[in-house]
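Examination of the molecular architecture
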Amino acid sequence: MLMQPGCTVFALKQTSGHYLLGSNSDDPWDSRTRLVCEKLGKYRFIATQLICSGDQSVPWANMYTRGLNERGLGFNYAHVEPTDGNWASEEGMSFRDFSIQLLSECSDTYQAEKLIRSHPRAYHGNFVMNDRENNAVLFEITTKKLRVVRADGLTGLYLRCNHYLCKSMLKVDSTEGDARENSLARVDSARQAYLQSSCKDFEQARAILSNHVNRREDEPAWGFSNCNHGATGGTVSSEIIDTANGIFYYCLGWPCGGAPKYPGQLYQELSWGGYKAYSFSDIPESGVLVDVLNAIAVEK
């Protein structure tokens, strides 16, 4: 099965010292994230749920790929295919079930680490997390290996796309060829945007996520910048999570607000070009908040 590379995830240190989580959700144009509020266990959470068209056997179908729970635990995720067993060949907790357990049962990143270590895994990839107490952490995960980098090892920007960067994980990374070139280009895109940005905190996160560094004049199927304008797939939504204040910021479509160039770039004419703030105090107990496929809260 051919799975396109996609997604940018990071933790960005603010002037306060507290990390913001940022992400661009990259997918085929006919797959979409919808923003929901759920309570499927101990804690209520706000999250993007990935709704895939066609083949429902992809590992992230119906997974909550970014989320924030009412205790202040937030996470985002970028897919990586390892060589030491994967979601299709290993028995264990699935991507979707892990995302539900994480958001429903864990109050901080130490509980998240305990959850990851406590069961066989049929999920893998790069997960960046933070909590209300600013225990920011990066997990590079395979079904067999786990690399944990906690906040005291983090710099101003800690980011991942769709390959592992920790030295101990390189030998189990199957990313190669065009997929690796693309992921490397998007890591470079984010780093350059971070270094070039003169703004701070939320506005710096926005600048990183909406940048077009390495973008090509005629993008191929998948784009090479973090705000991804590929011909057949790219950035379908963008998210910034403020765990300190319990706010989930969501942007439908491209965060740059650009107009689609190709007919196949479905729904991108609805791109907000900015973020709307969602907090637990001003949303329903549960329900769908944004769903472009069903015309729920999709106005610009």
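Presented here is a report on the structure given in the accompanying data block. Owing to the predicted nature of the structure, the values given are computational and were not obtained by experimental measurement.

What follows covers the packing of helix α3 (residues 177-196) against helix α4 (residues 201-209). Here α3 crosses α4 at 140 degrees, and the two axes come no closer than 8 Å. One way to sum up the angle between α3 and α4 is to call them oblique. Considering the relative orientation of α3 and α4, their crossing is right-handed. From α3, A190, A193 and Y194 reach across to α4, where they touch Q204, A207 and I208.

Aromatic ring pairs are defined here through the distance separating the ring centres and the angle between the ring planes. Per the stated rule, a full pass over the model turns up 12 aromatic pairs. Ring geometry for W29 versus W254: centroids 5.7 Å apart, planes at 90 degrees, classification edge-to-face. Placement of W29 in the loop between β2 (19-28) and β3 (32-39) and of W254 in the loop between β12 (247-252) and β13 (276-279) is noted, with a sequence separation of 225 residues between them. Each of the two residues, W29 as well as W254, counts as buried. An angle of 90 degrees between the planes, with centres 5.5 Å apart, marks the rings of F98 and F127 as edge-to-face. Within this pair, whereas F98 is found in helix α1 (residues 95-105), its partner F127 is found in strand β7 (residues 125-130), the two being separated by 29 residues in sequence. Of the aromatic side chains, those joined through ring pairs into one cluster are F75, Y77, F95, F98, Y123 and F127. When the ring centre of Y110 is taken as origin, the NZ or CZ atom of R150, which lies over that ring, is 3.9 Å away. In this structure, R216 packs its charged tip against the face of F224, placed 3.6 Å from the ring centre.

Ordered in space as β10-β1-β2-β11-β12-β13, the 6 strands form an open sheet in which the pairing is antiparallel. Of all the strands in the sheet, just β10 (157-160) and β13 have a single pairing partner and so form its edges. In this sheet, adjacent strand axes meet at a mean angle of 20 degrees when their direction is disregarded. The strands touched by α3 within the sheet are β1 (8-13) and β10, with β10 carrying the most contacts at an inclination of about 160 degrees.

So, on to the pattern of salt bridges. On inspection of all chains with the given rule, the structure shows 11 salt bridges. Residue D291 pairs with R34 through a salt bridge whose shortest N-O separation is 3.8 Å. Here R34 lies in strand β3 and D291 lies in the segment after β14 (287-290), a separation of 257 residues in the sequence. The partly exposed category is assigned to R34, whose relative accessible area is 22%. With a shortest N-O distance of 3.2 Å, K261 and D218 are connected by a salt bridge. One end of the pair, K261, is in the loop between β12 and β13; the other, D218, is in the loop between α4 and β11 (233-242), and 43 residues separate them in sequence.

Listed as buried for helix α2 (residues 109-117) are T109, A112, E113, L115 and I116. Within α2, the buried residues cover an arc of 160 degrees as seen down the axis, which keeps them to one side. Counted as exposed and oriented over 90 degrees from the buried face of α2: K114 and R117. Of the surrounding secondary structure, the elements contacted by the buried residues of α2 are α1, β7, β8 (137-141) and β9 (146-150). Where α2 starts, the residue carrying a side-chain oxygen 3.0 Å from the main-chain nitrogen of Y110 turns out to be D108.

Before going further, it helps to examine the nonpolar core. A general tendency of soluble globular proteins is for nonpolar side chains to be buried together. Counting 50 residues, the largest nonpolar core has F10, L35, I240, Y250 and Y278 as the members making the most contacts within it. Top contributing element to this core by residue count: β12, with 6 residues. What L35 contacts, discounting residues up to four positions off in sequence, is I46, A47, T48, F248, Y250, Y278, G287, V288, L289 and V290.

In terms of burial, β12 is largely enclosed, as 6 of its 6 residues are buried. Neither face of β12 is open: one carries I247, Y249 and C251, the other F248, Y250 and L252, and all of them are buried. Bridging between β11 and β12 involves 6 bridges; their strand directions are antiparallel. Pairing of S238 across the sheet is with C251, part of β12. Counted between consecutive antiparallel strands, the loop separating β11 from β12 contains 4 residues, among which G246 sits at a positive phi close to 65 degrees. Taken together, the 4 bridges between β12 and β13 define a ladder with antiparallel strand orientation. By the bridge assignment for β13, Y250 is matched with K276.

So, how was this worked out
Residues numbered from 1 in each chain as written. Predicted model: local features only at pLDDT ≥ 70, side-chain atom pairs only at ≥ 80, totals over all residues. Heavy atoms only, no water. Axes fitted to C-alpha atoms, helices over the stretch in contact; angles between N-to-C directions. Helix = DSSP H or I, 4+ residues; strand = E, 2+ residues; numbered from the N terminus. Parallel < 35°, antiparallel > 145°, perpendicular 65-115°, else oblique. Left-handed = near helix turned anticlockwise from the far one by under 90°. Contact = heavy atoms within 4.5 Å. Phe/Tyr/Trp six-rings, centres within 6.5 Å; stacked < 30°, edge-to-face > 60°. Buried < 20%, exposed > 50% of the residue type's maximum accessible area, 1.4 Å probe, protein only. Lys NZ or Arg CZ within 6 Å of the ring centre and 35° of its normal. Pairing = 2+ DSSP bridges. Salt bridge = Lys/Arg side-chain N within 4 Å of Asp/Glu carboxyl O. Arc of directions from axis to C-beta. Polar contact = N/O pair within 3.5 Å; in protein donor to acceptor, adjacent residues only side chain to side chain. Core = buried A, V, L, I, M, F, W, Y, C linked by side-chain atoms within 4.5 Å.

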